[in-house]
Amino acid sequence: MAGLGRSFAFVDLPDGKITAFANPEEEVLGNRFNDGKCDRQGRFWAGTMDLRATRPTGTLYRLDTKLRVAPVLSGLAITNGVGWSPDDKTLYVTDSNNREILAFDFDAHSGEVSGRREFARVPATDGFPDGLTVSADGDVWSAHWDGWRVTRYSAGGAVREIIWMPVPRPTSCMFGGADLSTLFVTSATDGLTDEELDNAPLSGGLFAVSTGAVGLSEPSFAG
């Protein structure tokens, strides 16, 4: 399951066949899907963003296992990294343009959210929060676009650790490996000048980081 362009779509990995089946923003021509993830009940959550990354036209959607689409959170220019606490009681959503990670009370049974609050705010000097993941201890790990880092936050929103990266634009992170103890970090070259690329030649690479933490197994779509 994926959000591709402006539609939800089935992706057949063996043969590459893509079957789009729902476009929740037919009237919003300047948007595209950005980041998405499945919850532990098998629902797929994916958010849209303004192509120019300036207008607050993005929305986070919930796609349930019967392929019903529901808007959950609107008014975001770039809807980004999504994750859940280990006890399934908190949903994290990244509002990149406003440089904040939001937290919500999460009802795992219904998929409903409430109690919007700011979990963490990123200073302008530290870039923009992008993709995130949550480790088994409840810490939140956020890649910072234009920040040269991945920041580890406690469940209370305090900065616990900064992992400095050799690239300016880390885009997301996820734990993997046989024991889920390796943090894999993606990065981008998009928008970097030739000089910036000369100064950070590993931009666009995938990195493996030993952190001492252990991740959570990520579920698949159950539709």
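All figures in this text were calculated on a predicted structure; none of them were measured in a lab.

**As for the overall build of the chain**
If you tally the helices and strands in the chain, you get 1 helix and 18 strands. A total of 223 residues make up the chain; the buried ones form 47% of that total. Taking the average place of the 20 positive charges on the side chains of the chain and the average place of its 30 negative ones, the gap between the two points comes to 5 Å.

**Notes on the sheet that holds strand β16 (residues 170-176)**
Pairing in this open sheet of 3 strands is antiparallel, and the strands run β16-β17-β18 from one edge to the other. Each edge of the sheet is formed by a strand with only one pairing partner; in this case those strands are β16 and β18 (207-210). Neighbour to neighbour, the strand axes of the sheet diverge by 30 degrees on average, direction disregarded.

**Brief notes about the pairing of strand β14 (residues 149-153)**
Of all 5 residues in β14, 5 are buried; the element is thus mostly enclosed. Of the two faces of β14, the one carrying Arg149, Thr151 and Tyr153 and the one carrying Val150 and Arg152 are both buried. In terms of strand pairing, strand β13 (residues 140-145) meets β14 through 5 bridges, oriented antiparallel. In the sheet register, histidine 144 faces β14, and the bridge partner there is arginine 149. Once β13 ends, the chain turns through 3 residues before running back antiparallel as β14, passing aspartate 146 with a positive phi of about 65 degrees. Summarising the sheet, β14 and strand β15 (residues 159-164) pair through 5 bridges and their orientation is antiparallel. Bridge pairing links arginine 152 to glutamate 161 in β15.

Rules behind the numbers
Residues numbered from 1 in each chain as written. Predicted model: local features only at pLDDT ≥ 70, side-chain atom pairs only at ≥ 80, totals over all residues. Heavy atoms only, no water. Helix = DSSP H or I, 4+ residues; strand = E, 2+ residues; numbered from the N terminus. Buried < 20%, exposed > 50% of the residue type's maximum accessible area, 1.4 Å probe, protein only. Lys, Arg positive; Asp, Glu negative; His and termini not counted. Charge placed at Lys NZ, Arg CZ, Asp CG, Glu CD. Pairing = 2+ DSSP bridges. Axes fitted to C-alpha atoms, helices over the stretch in contact; angles between N-to-C directions.

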